[in-house]
Amino acid sequence: MADTADLIARLLARRERWVELEPGRELRIRRPAEADIGLYVRAIGIDQLGKAVVGWSGFTEADVLGASQGSTSPVPFDQALCIELLRDRVEWVGKLADAVMDDIRAHLESREAARKN
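Now for a quick tour of the structure.

Brief notes about the overall build of the protein chain
- When you go through the protein chain residue by residue, the secondary structure sums to 6 helices and 3 strands.
- Ordering the α and β elements of the protein chain from the N terminus gives α-β-β-α-α-β-α-α-α.
- Oriented by its inertia axes, the alpha-carbon framework of the protein chain measures out at about 55 × 40 × 20 Å.
- Counting all 117 residues of the protein chain, 31% fall into the buried class.

Here's what the structure looks like:
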């Protein structure tokens, strides 16, 4: 039998997927819980979007600081750093917003279909 921490981790993992921002750079997003969906539907900003990001792949110091100051060393995921990076890369924000809203919409449609059955 799984313990509570394992069940929570598995529950959260069911809400996650990878979103490619550009070749070689991906964000791992987690669909918000139903109780938090209203925050996204009413007004979605970079801070709120950033809270949906729970990991990344392919990001280097050069992505954060620019090629002239950063190396090609991978940067471990940090949500606060991700949010600050998103503030300077608005072309990524649209892709992220679309992905989060698509996941919310699909979840709500799935719940509605289940209620009708």
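Observations concerning the sheet that holds strand β2 (residues 25-30)
- Within the open sheet, the 3 strands sit side by side as β1-β2-β3. Their pairing is antiparallel. Only two strands of the sheet have a single neighbouring strand rather than two, namely β1 (16-22) and β3 (53-57). Pairwise comparison of adjacent strand axes, ignoring direction, gives a mean angle of 25° for this sheet.
- The sheet contacts of helix α5 (residues 79-88) involve β2 and β3, and relative to β3 the element is tilted by about 75°.

Notes on the packing of α5 against helix α6 (residues 90-116)
- Close contact between α5 and α6 brings their axes to 5 Å; oriented N to C, the two are set at 115°. Put simply, α5 runs roughly perpendicular to α6. Across the interface between the two elements, Leu85, Leu86, Arg87 and Asp88 of α5 pack against Val90, Trp92, Val93 and Leu96 of α6.
- Residue classes in the contact of α5 with α6 are distributed as 6 nonpolar, no polar and 2 charged.

As for the pairing of β2
- Of the two faces of β2, the one holding Arg25, Leu27 and Ile29 is buried and the one holding Glu26, Arg28 and Arg30 is not buried anywhere.
- Across 6 bridges, β1 lies against β2 in antiparallel orientation. Each bridged residue has a counterpart across the sheet, and for Glu20 the counterpart in β2 is Glu26.
- Here β1 folds back onto β2, and the loop between the two strands holds 2 residues, one of which, Gly24, carries a positive phi near 85°.
- Judged from the 4 bridges that link them, β2 and β3 form a sheet pairing that is antiparallel. Its bridge partner being in β3, Arg28 is matched across the sheet by Gly55.

Side note on the nonpolar core
- Residues Leu27, Ile29, Trp56, Phe59, Leu96 and Val100 are the most contacted members of the largest nonpolar core, which totals 21 residues.
- When residues of this core are assigned to their parent elements, the largest contribution, 7 residues, is made by α6.
- Those residues in contact with Phe59 that sit more than four places away from it in its chain are Leu21, Arg25, Glu26, Leu27, Ser73, Pro74, Val75, Leu85 and Trp92.

Calculation notes
- Residues numbered from 1 in each chain as written.
- Predicted model: local features only at pLDDT ≥ 70, side-chain atom pairs only at ≥ 80, totals over all residues.
- Heavy atoms only, no water.
- Helix = DSSP H or I, 4+ residues; strand = E, 2+ residues; numbered from the N terminus.
- Buried < 20%, exposed > 50% of the residue type's maximum accessible area, 1.4 Å probe, protein only.
- Pairing = 2+ DSSP bridges.
- Axes fitted to C-alpha atoms, helices over the stretch in contact; angles between N-to-C directions.
- Contact = heavy atoms within 4.5 Å.
- Parallel < 35°, antiparallel > 145°, perpendicular 65-115°, else oblique.
- Nonpolar A, V, L, I, M, F, W, Y, C, P; charged D, E, K, R; others polar.
- Core = buried A, V, L, I, M, F, W, Y, C linked by side-chain atoms within 4.5 Å.

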